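Now for the letters of each chain:
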Amino acid sequence: MWLLDVNMPRKIAAVLGEFGIVAETAETRDWSDLTNKMLVEAAILAGFNCVLTRDRLFSESAARALKRFPQFCVVLVTIPQLRGPEFEEQFRLAWSRNPIQPGAGQLLHWPDRR
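Calculation rules
- Residues numbered from 1 in each chain as written.
- Predicted model: local features only at pLDDT ≥ 70, side-chain atom pairs only at ≥ 80, totals over all residues.
- Heavy atoms only, no water.
- Salt bridge = Lys/Arg side-chain N within 4 Å of Asp/Glu carboxyl O.
- Helix = DSSP H or I, 4+ residues; strand = E, 2+ residues; numbered from the N terminus.
- Pairing = 2+ DSSP bridges.
- Axes fitted to C-alpha atoms, helices over the stretch in contact; angles between N-to-C directions.
- Contact = heavy atoms within 4.5 Å.

## Thoughts on the pattern of salt bridges
If you walk through the whole model with that rule in mind, you get 4 salt bridges. For E41, the salt bridge identified is with R68, shortest N-O distance 2.6 Å. Note that E41 is positioned in helix α2 (residues 36–45) and R68 in helix α3 (residues 58–68), a separation of 27 residues in sequence.

Put into structure tokens, the structure is as follows:
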């Protein structure tokens with residue numbers, strides 16, 4: 001199960017559902033006010049194994065969190081900020097080229113723009 005950080009468009013949960021991935025938002029869990037560290041802890045306790053975020057500072061917190069919770073994965077989504085429908089379109093396009101493949105203990109930057 002994947003969690004979308006508060007800075008991710010909520011409709012991405014539905015897009016992930018199209019790909020067969022169960023996803024929820026931090027907002028629907030009433031976790032909007034949690035710090036990054038607390039969000040990771042709450043997510044793990046609730047059975048999530050991955051969080052998608054656009055917060056570059058999250059990666060700093062994630063490095064520490066991943067040491068404590070090596071079963072978890074943090075994905076830093078690097079798609080530029082766009083209006084909802086355009087972001088969804090870019091997300092689908094990036095996914096079609098390179099689906100997110102979270103691994104335990106990883107901090108991924110996606111899509112990888114090599």
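Next comes the rest of the write-up.
## Remarks on the sheet that holds strand β2 (residues 23–25)
Strand order across the open sheet formed by 5 strands is β2-β1-β3-β4-β5, with parallel pairing between neighbours. Each edge of the open sheet is held by one strand with a lone partner, namely β2 and β5 (107–110). The mean inter-strand angle of the sheet, taken between neighbouring strand axes irrespective of direction, is 25 degrees. Sheet topology note: the strand β4 (residues 73–77)/β5 ladder contains 4 bridges and is parallel. Bridge pairing links L76 to H109 in β5. Here helix α4 (residues 84–97) sits on the sheet and contacts β1 (2–4), β3 (50–53), β4 and β5; the angle it forms with β5, its principal contact strand, is near 110 degrees.

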